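Structural overview for review
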Amino acid sequence: TQLLEQSPQFLSIQEGENLTVYCNSSSVFSSLQWYRQEPGEGPVLLVTVVTGGEVKKLKRLTFQFGDARKDSSLHITAAQPGDTGLYLCAGARGAGANNLFFGTGTRLTVIP
Amino acid sequence: EPEVTQTPSHQVTQMGQEVILRCVPISNHLYFYWYRQILGQKVEFLVSFYNNEISEKSEIFDDQFSVERPDGSNFTLKIRSTKLEDSAMYFCASSDRLAGEKETQYFGPGTRLLVL
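The following refers to the structure shown. Quick caveat: nothing in here was measured; it's all calculated off a predicted structure.

Considerations on the overall build of chain A
On a plain count of helices and strands, chain A comes out with zero helices and eleven strands. Reading the helices (α) and strands (β) of chain A from amino to carboxyl end gives β-β-β-β-β-β-β-β-β-β-β. Over its C-alpha atoms chain A spans a radius of gyration of 13 Å, differing by no more than 12% from the 13 Å that the globule rule assigns to 112 residues. Its C-alpha atoms give chain A principal-axis dimensions of roughly 45 × 30 × 20 Å. The buried share of chain A, taken over its 112 residues, is 50%. Across chain A, the fraction of contacts at a sequence separation of at least 24, relative to all contacts at a separation of at least 6, is 54%. By element, 51% of the accessible surface of chain A is carried by carbon and sulfur atoms, the whole surface being about 5,000 Å².

Here it is, written out as structure tokens:
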């Protein structure tokens, strides 16, 4: 089983603060995707990272793939209440295996 | 923007009954997936499908489960004889590339299945 652990599991911060969510594994992934999921809905893709060390920015969100492709982080700058939600990382092994292994999730609450 | 759609949004069934969950993947995608999420737990892979056959399946996907692409647009998941523990949110996803080739899997809104 390819286990992806996310930390923290829950995070409650004030509007305007910065935060980082971590996604760690002992396994190597060919790519890693970050999703956001609202209650009762499907995961919505935020970004895909493929190359070790890759950094991608999506407005106030910065995603990084670890050099060894075993971990990733999501950094949010100046969090807003609209950032509230469940953030999921999901890794793919590649080499013909295309199913995603999902992390345990980080539930973020941004307080106005 | 193209999206994956799923029907029904909710399904309640009696234990032992058969259910069919339906998905319409994004039209030019070639790879299709089913995942499930038991309440409060993480999303789990069930099966992937490409070129009209299963390419990979998890240990959850036992003989009670089957998938089909009956008409070139729909992608279905059938549970032959439902059990209480099959109660979960079932997500369909589709993509146009294999993992490692900058694959992006797009998820549908899910079908909430409740087995009584």
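That covers the picture; the talk isn't over yet.
Some thoughts on the sheet that holds strand β8 (residues 75-79) of chain B
Residues and elements named next belong to chain B. Ordered by their spatial adjacency, four strands build an open sheet running β1-β3-β8-β7, and the pairing between neighbours is antiparallel. The open sheet terminates on both sides in strands that have one partner only, identified here as β1 (5-7) and β7 (65-68). Ignoring which end each strand starts from, the neighbouring axes of this sheet average 20° apart. Relative to β8, strand β3 (residues 19-24) runs antiparallel, the two being bridged by five bridges. Residue pairing in the sheet places Ile20 in a bridge with Lys78 of β8.

Here we look at the sheet that holds strand β1 (residues 5-7) of chain A
Residue and element names in this part refer to chain A. Read across the sheet, five strands follow the order β1-β3-β8-β7-β6 without closing on themselves; strand pairing throughout is antiparallel. Each of the sheet's edge strands pairs with one partner strand only, and the pair in question is β1 and β6 (55-58). The sheet shows a mean angle of 15° between the axes of neighbouring strands, direction not considered. One ladder, built from three bridges, connects β1 with strand β3 (residues 19-24); its direction is antiparallel. Pairing of Gln6 across the sheet is with Cys23, part of β3.

Some thoughts on the environment of Asp96(B)
Residue and element names in this part refer to chain B. Inspection of the secondary structure assignment puts Asp96 in the loop between β9 (88-95) and β10 (106-107). Sequence separation of Asp96 and Asn28 is 68 residues, and the distance between their C-alpha atoms is 7.2 Å. Setting aside chain neighbours within four positions, we find Asp96 in contact with Asn28, His29, Leu30 and Tyr31.

Thoughts on the nonpolar core
Trp34(B), Leu46(B), Phe61(B), Val67(B), Phe75(B), Leu77(B) and Tyr90(B) are the most contacted members of the largest nonpolar core, which has 23 residues in total. Among the secondary structure elements, those contributing two or more residues to this core are β3, β4 (31-37), β5 (44-50), β7, β8, β9 and β11 (111-115) of chain B. When sequence neighbours within four positions are dropped, the list of residues in contact with Tyr90(B) reads Gln6(B), Leu21(B), Trp34(B), Tyr35(B), Arg36(B), Leu46(B), Phe65(B), Leu77(B), Ile79(B), Gly110(B), Thr111(B) and Leu113(B). Among the nonpolar cores identified, the runner-up in size contains 22 residues, and Leu19(A), Phe65(A), Leu74(A) and Phe101(A) belong to it.

Remarks on the pattern of salt bridges
Scanning the model with the defined rule gives five salt bridges over all chains in all. One salt bridge connects Glu54(A) with Lys56(A), and the closest N-O pair in it is separated by 3.8 Å. Overall, Lys56(A) belongs to the partly exposed group, its relative accessible area being 30%. Glu44(B) is the salt-bridge partner of Arg36(B), the closest N and O atoms lying 3.3 Å from each other. On the accessibility criterion, Glu44(B) (25% relative accessible area) is partly exposed.

As for the environment of Met15(B)
Residues and elements named next belong to chain B. Of note, Met15 is situated in the loop between β2 (10-13) and β3. Placed twelve residues apart in sequence, Met15 and Ser27 show a C-alpha to C-alpha distance of 34 Å. Sequence-distant contacts of Met15, defined by excluding residues within four places in its chain, comprise Thr82, Lys83, Leu84, Val115 and Leu116.

Conventions we followed
Residues numbered from 1 in each chain as written. Chains lettered and ligands numbered in written order. Predicted model: local features only at pLDDT ≥ 70, side-chain atom pairs only at ≥ 80, totals over all residues. Heavy atoms only, no water. Helix = DSSP H or I, 4+ residues; strand = E, 2+ residues; numbered from the N terminus. Rg over C-alpha atoms; globule rule 2.2 N^0.38 Å. Buried < 20%, exposed > 50% of the residue type's maximum accessible area, 1.4 Å probe, protein only. Contact = heavy atoms within 4.5 Å. Areas by Shrake-Rupley, 256 points an atom, 1.4 Å probe, with all protein chains shown as cover. Pairing = 2+ DSSP bridges. Axes fitted to C-alpha atoms, helices over the stretch in contact; angles between N-to-C directions. Core = buried A, V, L, I, M, F, W, Y, C linked by side-chain atoms within 4.5 Å. Salt bridge = Lys/Arg side-chain N within 4 Å of Asp/Glu carboxyl O.

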